[in-house]
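So the chains spell out like this:
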Amino acid sequence: MTTPIADDVKGAKGKSPRLIAVSNRTAIDSNARAGGLAVALWDSLKATNGLWVGWSGKIKDFPSSKTTIASDDGVDFALYDMSKAQYEGFYLNYANSVLWPLFHSRLDLVNFDQSDFRHYQDTNKQFSKAVADHATPDDYVWVHDYHFILLADELRKLSWQGKIGFFLHIPFPPPETFRALPEAIILAKALTMYDIIGLQTTMGVTNLKRLLIEVCGGVDEGGEDILVHGRTITIRHCPIGIDAVAFKASAESPQAKMATKKLRKFLGDRKLIIGVDRMDYSKGLPQRFKSVAKLFDSFPHTHGVTSFMQIAPPSRAVVDEYQQLRKTLDGLCGRINGDYGDLDWIPIRYLARAYKREEIAGLYSISDVCLVTPLQDGMNLVAKEFIAAQDPDDPGVLILSQFAGAAEQMTEALIVNPYDTDKVAEMIARALDMPLAERKKRWKSLNHNVVVEDINWWRERFFAKALAPAKTIGFTT
Ligand SMILES: O=P(O)(O)OC[C@H]1O[C@@H](O)[C@H](O)[C@@H](O)[C@@H]1O
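Values in this document were obtained by computation on a predicted structure and should not be read as measured data. (Residues numbered from 1 in each chain as written. Predicted model: local features only at pLDDT ≥ 70, side-chain atom pairs only at ≥ 80, totals over all residues. Heavy atoms only, no water.)

Undergrad: So what exactly am I meant to see when it comes to empty space enclosed by the protein here?
TA: Vacant regions in the atomic arrangement are exposed by a probe of water-molecule size rolled over the atoms. Following the criterion strictly, the structure yields two cavities of 30 Å³ or more and no others. For the largest cavity, the calculated volume is near 60 Å³. Every residue lining the largest cavity is listed: I387, G396, V397, L398, E412, A413, L414, M434, R439, R442, W443 and L446. Residue assignment for the lining of the largest cavity shows that the elements contributing at least two residues are β15 (397-401) and α15 (436-452). Of the residues forming the lining of the largest cavity, the biggest block, four residues, is contributed by α15. Residue composition of the lining of the largest cavity, by class: eight nonpolar, one polar and three charged. Computed from the structure, the second largest cavity encloses a volume of approximately 30 Å³. Residue lining of the second largest cavity: F103, I149, F166, L168, F172, L191, I197, L199 and L208, and that is the complete set. Taken together, the residues that form the lining of the second largest cavity break down as nine nonpolar, no polar and no charged. (1 Å grid on protein atoms, 1.4 Å probe; cavity = no way out; pocket = protein on both sides within 12 Å on 5 of 7 lines; lining within 4 Å. Points joined across faces, edges and corners; volume = space filled by probe spheres on them. Helix = DSSP H or I, 4+ residues; strand = E, 2+ residues; numbered from the N terminus. Nonpolar A, V, L, I, M, F, W, Y, C, P; charged D, E, K, R; others polar.)

Undergrad: I would appreciate a short explanation of the pattern of salt bridges in the present structure.
TA: Any two side chains of opposite charge can pair, on the condition that their charged atoms come close. Per the stated rule, a full pass over the model turns up 26 salt bridges. Its salt-bridge partner being D195, residue R231 comes within 2.9 Å of it at the nearest N-O pair. Highlighted residues: R231 in strand β10 (residues 231-237) and D195 in the loop between α6 (184-191) and β7 (196-199), separated in sequence by 36 residues. Exposure remark for D195: the relative accessible area of 17% places this residue in the buried category. One network of salt bridges, in which partners are shared, links D153, E154 and K157. (Salt bridge = Lys/Arg side-chain N within 4 Å of Asp/Glu carboxyl O. Buried < 20%, exposed > 50% of the residue type's maximum accessible area, 1.4 Å probe, protein only.)

Undergrad: Please explain the site of the ligand as it appears in this structure.
TA: The ligand sits among R25, Y91, N96, W100, D145, H147, H169, I170, R278 and R316. Within the contact set of the ligand, an oxygen atom lies 2.5 Å away from a side-chain nitrogen or oxygen of D145. At 2.8 Å from an oxygen atom of the ligand is found a side-chain nitrogen or oxygen belonging to R316. In the shell around the ligand, the residues fall into three nonpolar, three polar and four charged. (Near = heavy atom within 4 Å. Polar contact = N/O pair within 3.5 Å; in protein donor to acceptor, adjacent residues only side chain to side chain.)

Undergrad: Just to check I follow, could you spell out the sheet that holds strand β5 (residues 140-144) for this structure?
TA: Strands in a sheet are paired, the pairing made by backbone hydrogen bonds, and the direction either parallel or antiparallel. With mixed pairing, 10 strands are arranged side by side in an open sheet as β3-β4-β2-β1-β5-β6-β7-β10-β9-β8. The open sheet has two free edges, formed respectively by β3 (67-72) and β8 (219-220), since each of these has just one partner strand. Sheet topology places strand β2 (residues 51-60) next to strand β4 (residues 75-83); seven bridges connect them, and they run parallel. Paired with L51 across the bridge in β4 is D76. With respect to the sheet, helix α3 (residues 114-134) is in contact with β1 (19-22), β2, β3, β4 and β5, its orientation differing from that of β2 by roughly 135°. Against the sheet, helix α16 (residues 455-463) engages β5, β6 (164-167), β7 and β10, with an angle of about 120° to β5. (Pairing = 2+ DSSP bridges. Contact = heavy atoms within 4.5 Å. Axes fitted to C-alpha atoms, helices over the stretch in contact; angles between N-to-C directions.)

Structural data, given as structure tokens:
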């Protein structure tokens, strides 16, 4: 968090325009602050005496109409407690059982229910009130992710005239998929209430522009702009990055060293293939496990000398599809270890729990191969973090799905189709045997991209041009 702050902003607390960030999860907890979004927002929030509006993480018996204000390191938080009905209807059902599967092109998993949409509308309204309670007309509101598509529309209904930006962290689906939503038109129209919308990939930009033209009668004004309902909206390609320097430092921290030492005791001098993902069906974990089984099947020389470690912290565990995924992975792992394991070798080490950022960074640094093979993914920061953590003199190899947003930037990775498990197995074998010169060449180019197009680059790209007085809200552009 080291972005220089414009001098004219320093010390102007309370007077200059502020950044008001809105996201379901916030970084009130300093552990969470190490993550990407927090890194990107923290300096600007601090410099502008900004405010972060989000869920408190608490679930109450009754809905609250007020937020609790908290402060941390010069940043204010307005935290909203959800009622049980909101938690279920808004978060579990509409956000995570309708929008999440639909935006990841899994129409087969979508559960539509009108009462859930009402909770989604209501929760967006409540959050917009929280913003309106604290914002002044010059402030800049930056909304994050699929939980709050309606937020700008609700804020405009409260007569808010100021700038509102939206960044979608997940993929934006083709209009043909989006239109399966019974509420497609309401959501599409609500998107037109933002001033700028940032998307992870060029494909996402194309999909959203097509939606606004085909469903909302928008007119392409050329470049990034679309004229729709009398307003010009900027649709910008902004691939999110990481704080590469800080992540490299994490990989060299004492906590990282302790984690690698612990693992080495069991790993010995075997080669390590690593995967780190939230336990989510979009991540292609069953296909990945099958690819690893095929590796052991087709390349017997890997037996006993190669281990695959999958770290998969459970997520949204009360949703049926996630429970089903857990069972599938438990079964596959047991089967593969049963089929291929030996007295002195466990082929798959499967850890369904979370580890600290530093520990993960350390584990990446000693891995020979990293498997990032989602079936659909907005960006996938594991790919970038793995590259940042490598030793330049002996780097590991990244195997990356063509369906991760990161594949648009990280073309020097070994790009795979995660559904083609035979081919993925071949790619793993190739990665394990890749000569040092090729590993170094690929890593150098990948690392250049990770370092240059980092988290600060992303934030400044989002705000470039669209916000005339960007400096006044603490950005360097
Ligand atoms: O917040 P959850 O449901 O635990 O999911 C974790 C994160 O998953 C990400 O992929 C989403 O883009 C975030 O918005 C979300 O916070």
